[in-house]
Amino acid sequence: TSANPVCPGDDLILSTPTIQGAVYTWSGPSGVVLGNTSSVTVANFTDKEAGTYDLTVTIPNANCTFNFNAVDIDVVAPVTAHDDTYSVFVGSTIDSMKILENDIFGADGITYTLITNVSGVNDLGNGVLSYTGNAPVGRLDIMYEVCSVACPDVCNAGVIRIFIKDTGCEFIPN
């Protein structure tokens, strides 16, 4: 049997030990019969196939029928990286940018990777970054990617925007 939850796009394989002369009937969440052997495969699994898979085993020679709620199968939740925005004055520091706080992911957790390498950005671990730099007034964009721990190919990218403001005095006429 496949891992549960199943990664989107993977094949779900359900199997039970083979009994000589037995007749197997596997059915999916919608009640559709999936196969009549001791093993069935649901190719390219999606959230539409998530649910309870049942198995009926009939042994004609023994006049026996067994019904099983085979297993509840879920699909791994998608991950969503939401963009983050911070402001800092030229030459100042941002001590704690919690970039995962607004991202969406399942109970299996996520990993993250900084795609853009920016001088002055330090990864403090657990999705927390700091910024100390002397970039000119303007905007820094730092790309990052979050991926599911259970399904490393289930990923999404986000942007950390740091707006760098001028510290100079502004002349205000009377």
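All values derive from a computational prediction rather than experimental measurement.

> Which residues make up the sheet that holds strand S10 (residues 121-125), and what are the values?
The strand order across the open sheet built from three strands is S8-S11-S10, with neighbouring strands paired in antiparallel fashion. The sheet terminates laterally at strand S8 (93-98) and S10, the two strands that pair on one side only. Sheet twist, expressed as the mean angle between neighbouring strand axes with direction ignored, is 25°. Of the pairings in the sheet, the one linking S8 to strand S11 (residues 128-132) comprises four bridges and is antiparallel in character. Bridging from a neighbouring strand, Ile-94 pairs with Tyr-131 of S11.

> An account of the state of the cysteines is requested, with residue identities and associated values reported.
Per the stated rule, a full pass over the model turns up two disulfides. Each disulfide pairs two cysteine sulfurs, and for Cys-7 the partner residue is Cys-151, the sulfurs being separated by 1.8 Å. With the S-S bond torsion at -95°, the cross-link from Cys-7 to Cys-151 turns out left-handed. Taken together, the residues span a long stretch of sequence, with Cys-7 in the segment before strand S1 (12-15) and Cys-151 in the loop between strand S12 (138-148) and strand S13 (155-165) at a distance of 144 residues.

> Would you mind going over the environment of Gly-51 in detail, with residue names and values included?
Relative to the elements of secondary structure, Gly-51 occurs in strand S5 (residues 51-59). When the C-alpha positions of Gly-51 and Ile-164 are compared, they lie 49 Å apart, and in sequence the two are 113 residues distant. With residues up to four places along the chain from it excluded, the contact list for Gly-51 reads Pro-29, Val-71, Asp-72 and Ile-73.

> Report on the sheet that holds S13, specifying residues and quantitative values.
Pairing within the open sheet is mixed, and its four strands lie in the order S7-S13-S12-S9. Two strands bound the open sheet, and with one partner strand each, they are strand S7 (84-89) and strand S9 (110-114). The sheet shows a mean angle of 25° between the axes of neighbouring strands, taken without regard to direction. For S7 and S13, the ladder comprises six bridges, and the chain directions are parallel. Across the sheet, residue Tyr-86 finds its bridge partner in S13, namely Ile-162.

> Can you tell me about the pairing of S11, naming the residues and giving the values?
Of all five residues making up S11, four are buried, and the element is well covered by its neighbours. Pairing analysis gives four bridges linking S10 to S11, with the strands arranged antiparallel. The residue of S11 that forms the bridge with Val-121 is Tyr-131. Connecting the antiparallel pair S10 and S11 is a turn made up of two residues, with Asn-126 showing a positive phi of about 55°.

> Quick one: what's the story with the pattern of salt bridges, residue by residue and with numbers?
For the coordinates displayed, the defined rule picks out three salt bridges. Note that Asp-83 is salt-bridged to Arg-161, the shortest N-O span being 3.3 Å. Pair noted here: Asp-83 is in the loop between strand S6 (64-73) and S7 and Arg-161 is in strand S13, with a separation of 78 residues, a long-range link. The shortest N-O distance in the salt bridge between Arg-139 and Asp-141 comes to 2.9 Å. For Asp-141, a relative accessible area of 31% corresponds to the partly exposed category. Bridged by salt links that share partners, the residues Asp-83, Arg-139, Asp-141 and Arg-161 form one connected network.

Conventions used here
- Residues numbered from 1 in each chain as written.
- Predicted model: local features only at pLDDT ≥ 70, side-chain atom pairs only at ≥ 80, totals over all residues.
- Heavy atoms only, no water.
- Pairing = 2+ DSSP bridges.
- Helix = DSSP H or I, 4+ residues; strand = E, 2+ residues; numbered from the N terminus.
- Axes fitted to C-alpha atoms, helices over the stretch in contact; angles between N-to-C directions.
- Disulfide = S-S within 2.5 Å.
- Contact = heavy atoms within 4.5 Å.
- Buried < 20%, exposed > 50% of the residue type's maximum accessible area, 1.4 Å probe, protein only.
- Salt bridge = Lys/Arg side-chain N within 4 Å of Asp/Glu carboxyl O.

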